[in-house]
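Chain residues, written in single-letter form:
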Amino acid sequence: MVAINFFFIFTWWLWPIYLAYLIWMFFFDSKATRSLHRARPWLRANPLWKHFRDYFPAKVIKTADLDDTKTYLFGMHPHGIISYGVQANFGNDYSEFKQLYPNIKYRVATLASNFKIPLARHWFMGLGYTDASRGSLLSLLNRKCSVMLVIGGAEEALLARPGGVSLVLAKRMGFVRLALQSGACLVPVYTFGENDLYNQVDNPPGSRVRRFQEWGKNVFGFSLPLFNGHFQLEVQLEFQQNFNLIST
């Protein structure tokens, strides 16, 4: 997507088309992430996602029945570096979640900044993602569409490293208020193995690395973890998603 954007930028005779697209995107289609009709079944059902899921392998373990007449806000932990477990188990139609709960309509929330990237935003919307802003989440929940939200977000990504789990939860009560306001049920989801996918450079609080990362998070809205792994995945792991129903 980045290459295509650069192609438009450096091809002068395409500038009018690109400019028209940007005007449409920012001024006329800015609330598209709240739509229930922008997901593309052909994209979610692409066979590549099956291979992606099986590579780890990833799977969902059901520990509770969910009433498909209710709306849910799934609070997901841990964030990990990239949250591969979210895409493997919820961001496609090969997910076991879809087989276990076929009648639960949902969207996966991600950074609002992802939807400000020209062209790439259509990729995220096509996969059924929405932006993690309060307005978008509340709009979906009020229309009886469940939402999957990685609670710890960018801050939790800076804590991800193999062999341990540090969650950012105590000061994240906004999702609880959303559930209360919309009448949604809270469901905790934990991904085993997410933090073990990468090694992250040591970044203790107060260090130069951490201060730089905190600065980037405050300026850009996303964190900049420094990590390494073998072909983006250092070890082959099994994801397990545990579901426990907590009704508000």
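Refer to the structure above for everything that follows.
These figures come from a predicted structure and were not determined experimentally.

(A) Spotlight on the overall build of the chain. Regarding its fold elements, the chain presents eleven helices and nine strands. By its C-alpha atoms, the chain is 55 × 45 × 35 Å across when sized along the principal axes. By the burial criterion, 44% of the 248 residues in the chain qualify as buried. Carbon together with sulfur atoms contributes 63% to the accessible area of the chain, which is approximately 13000 Å² in total. One finds the centroid of the 26 positive side-chain charges in the chain at a distance of 9 Å from the centroid of its 16 negative side-chain charges.

(B) Focus on a nonpolar patch on the surface. A surface patch of nonpolar side chains, about 690 Å² in accessible area, is lined by L19, I23, W24, F26, F27 and F28. Looking at the element boundaries, F26 is found in helix α2 (residues 15-28). Overall, F26 belongs to the partly exposed group, its relative accessible area being 43%.

(C) Region of the structure containing α2. Given a rise of 1.5 Å per residue, 14 residues ought to cover 20 Å, and the 19 Å separating the end C-alpha atoms of α2 matches this to within 8%. Listing the buried residues of α2 in full gives Y18, Y21 and M25. Along α2, the residues classed as buried sweep out an arc of 60 degrees about the axis, all on the same side. In this structure, α2 carries P16, L19, F27 and F28 as exposed residues pointing more than 90 degrees from its buried face.

(D) Seen up close, helix α10 (residues 174-182). For α10, the full list of buried residues reads F175, L178, A179 and S182. Take α10 and look down its axis: the buried residues cluster within an arc of 100 degrees, on one side only. Counted as exposed and oriented over 90 degrees from the buried face of α10: R177 and L180. Buried residues in α10 make contact with β2 (72-77), α8 (134-142), β5 (146-150) and β6 (185-192). Directly beyond the C-terminal end of α10, a positive phi value near 80 degrees is found at G183.

(E) Up close: the side chain of Q213. Structurally, the position occupied by Q213 is in helix α11 (residues 208-220). Setting aside anything within four residues of it in sequence, one finds Q213 in contact with L158, Q200, N203, L224, P225 and L226.

(F) Layout of empty space enclosed by the protein. Under the definition given, this model contains two cavities of 30 Å³ or more. Approximately 40 Å³ is the volume attributed to the largest cavity. Surrounding the largest cavity, A32, T33, S35, R38, A39, R107, M125, G128 and Y129 form its lining. Tallied by class, the residues present in the lining of the largest cavity amount to four nonpolar, three polar and two charged. Quantified by volume, the second largest cavity comes out at close to 30 Å³. Around the second largest cavity, the lining residues are M76, H77, P78, H79, S83, V86, V150, T191 and E194. For the lining of the second largest cavity, the class distribution of residues is four nonpolar, four polar and one charged.

(G) Structural detail: the layout of surface pockets. If you add up the space inside the largest pocket, you get close to 1300 Å³. Every residue lining the largest pocket is counted, 43 residues in all, and those nearest its centre are H79, I82, T110, L111 and N114. When residues of the lining of the largest pocket are traced back to their parent elements, those giving at least two are α4 (47-55), α5 (84-90), β3 (106-110), α7 (120-126), β5, α9 (153-157) and α10. Split into classes, the residues belonging to the lining of the largest pocket amount to 30 nonpolar, ten polar and three charged. Empty space within the second largest pocket amounts to approximately 250 Å³. When contributions to the lining of the second largest pocket are tallied by element, the ones reaching two or more residues are α3 (41-44), α6 (96-100) and β3. Taken together, the residues of the lining of the second largest pocket sort by class into seven nonpolar, one polar and six charged.

Thresholds applied
- Residues numbered from 1 in each chain as written.
- Predicted model: local features only at pLDDT ≥ 70, side-chain atom pairs only at ≥ 80, totals over all residues.
- Heavy atoms only, no water.
- Helix = DSSP H or I, 4+ residues; strand = E, 2+ residues; numbered from the N terminus.
- Buried < 20%, exposed > 50% of the residue type's maximum accessible area, 1.4 Å probe, protein only.
- Areas by Shrake-Rupley, 256 points an atom, 1.4 Å probe, with all protein chains shown as cover.
- Lys, Arg positive; Asp, Glu negative; His and termini not counted.
- Charge placed at Lys NZ, Arg CZ, Asp CG, Glu CD.
- Patch = residues over 30% accessible without salt bridge, like charges linked within 9 Å, V, L, I, M, F, W, Y side chains within 5 Å.
- Salt bridge = Lys/Arg side-chain N within 4 Å of Asp/Glu carboxyl O.
- Expected span 1.5 Å × (residues − 1).
- Arc of directions from axis to C-beta.
- Contact = heavy atoms within 4.5 Å.
- 1 Å grid on protein atoms, 1.4 Å probe; cavity = no way out; pocket = protein on both sides within 12 Å on 5 of 7 lines; lining within 4 Å.
- Points joined across faces, edges and corners; volume = space filled by probe spheres on them.
- Nonpolar A, V, L, I, M, F, W, Y, C, P; charged D, E, K, R; others polar.

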